[in-house]
Amino acid sequence: MAEAPQPSGSWTDAFPTPRTTAPILTREEALSDLSNPDLLIVDVRRTDYEGGTIKGSINLPAHSFYMNRAVLYDLCRRAGIKNVAFYCDYIEEVGENQVQSFTLGGGIKGWVKAGEPYTQHIDGFVPEYWKQFD
């Protein structure tokens, strides 16, 4: 798969360029699986972790994600989580076939823009915050 472009001169320069791209998990699939213990949604927002977060998700800011990927991987395996927004190169490096990595299609902004069926599943939802992205 093609490498994702990385902004130059940013905090991402300190980390290796991803070698693969995770497949998309649509928000419809994620919504239908929110209560499924096989799914973990990882919110990687850093300084913009505002306006609420998808119920049941955890926050692991992007700038710390690379260094903590092994710990998250181990926790997911121990918990029996099968689908996670996760650093897919790491899964590939360890030869994983039980944990699948995904990217949430549209991200949190797409989740909010999809309306009330989705926003009702956001803890701490602040509608006014999201108006700036319309």
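Reading guide: rules and limits
Residues numbered from 1 in each chain as written. Predicted model: local features only at pLDDT ≥ 70, side-chain atom pairs only at ≥ 80, totals over all residues. Heavy atoms only, no water. Helix = DSSP H or I, 4+ residues; strand = E, 2+ residues; numbered from the N terminus. Buried < 20%, exposed > 50% of the residue type's maximum accessible area, 1.4 Å probe, protein only. Contact = heavy atoms within 4.5 Å. Areas by Shrake-Rupley, 256 points an atom, 1.4 Å probe, with all protein chains shown as cover. Core = buried A, V, L, I, M, F, W, Y, C linked by side-chain atoms within 4.5 Å. Pairing = 2+ DSSP bridges. Phe/Tyr/Trp six-rings, centres within 6.5 Å; stacked < 30°, edge-to-face > 60°. pLDDT = per-residue confidence, 0-100. Polar contact = N/O pair within 3.5 Å; in protein donor to acceptor, adjacent residues only side chain to side chain.

1. With respect to the overall build of the chain
Piece 1. If you tally the helices and strands in the chain, you get six helices and nine strands.
Piece 2. Residue burial in the chain is summarised as follows: out of 134 residues, 36% are buried.
Piece 3. When contacts within the chain are restricted to residue pairs at least 6 apart in sequence, those whose partners lie at least 24 apart make up 49%.
Piece 4. Counting every atom, the chain has about 7,900 Å² of accessible surface; 53% of that belongs to carbon and sulfur.

2. So, the nonpolar core
Piece 1. In terms of nonpolar packing, the biggest core is built from 14 residues, with Ala-30, Ile-54 and Trp-111 touching the most fellow members.
Piece 2. Of all elements in the fold, only helix H4 (107-113) and helix H6 (127-130) reach the threshold of two or more residues within this core.
Piece 3. Examining the composition of this core, we find that three residues originate from one element, H4, more than from any other.
Piece 4. Beyond its immediate sequence surroundings of up to four residues, Trp-111 is in contact with Arg-27, Ala-30, Leu-31, Leu-34, Ile-54, Leu-104, Tyr-118, Thr-119, His-121 and Ile-122.
Piece 5. In this structure, Phe-65, Cys-76, Val-84 and Val-99 belong to the second largest nonpolar core, which totals nine residues.

3. Describing the sheet that holds strand S2 (residues 39-40)
Piece 1. With respect to topology, three strands assemble into an open sheet ordered S2-S6-S7, the strand pairing being parallel. One side of each edge strand has no neighbouring strand; the edge strands of this open sheet are S2 and strand S7 (100-101).
Piece 2. Relative to S7, strand S6 (residues 83-84) is paired through two bridges, and the arrangement is parallel. Across the sheet, the residue bridging to Asn-83 is Gln-100, located in S7.

4. Focus: the packing of aromatic side chains
Piece 1. Across all of its chains, the model carries four aromatic pairs by this definition.
Piece 2. For the ring pair Tyr-129 and Trp-130, a centre distance of 5.0 Å and an interplane angle of 90 degrees mean the geometry is edge-to-face. With respect to burial, Tyr-129 and Trp-130 carry one shared label: buried.
Piece 3. Pairing Tyr-129 with Phe-133 gives two aromatic rings, centres 5.7 Å apart and planes at 65 degrees, and the pair type is edge-to-face.
Piece 4. What makes Tyr-129 buried here is its relative accessible area of 15%.

5. Some thoughts on the environment of Glu-28
Piece 1. Looking at where Glu-28 falls in the secondary structure, it is placed in helix H1 (residues 27-32).
Piece 2. Its relative accessible area of 46% is what places Glu-28 among the partly exposed residues.
Piece 3. A sequence separation of 77 residues divides Glu-28 from Gly-105, and the C-alpha atoms of the two residues are 9.1 Å apart.

6. Quick look at the confidence of the model for the chain
Piece 1. For the chain, per-residue confidence averages 82 on the pLDDT scale, and 82% of positions sit at 70 or higher.
Piece 2. Of all secondary-structure elements in the chain, the lowest mean pLDDT belongs to helix H3 (residues 88-93), at 61, while helix H5 (residues 116-119) reaches the highest, 96.

7. Some details on the side chain of Ser-57
Piece 1. Secondary-structure assignment places Ser-57 in the loop between strand S4 (53-54) and strand S5 (58-59).
Piece 2. Among the polar contacts listed, one links the side chain of Ser-57 to the backbone oxygen of Ile-54, at a separation of 2.7 Å.
Piece 3. If near-sequence neighbours (up to four positions away) are discounted, Ser-57 is found in contact with Ile-41 and Asp-43.

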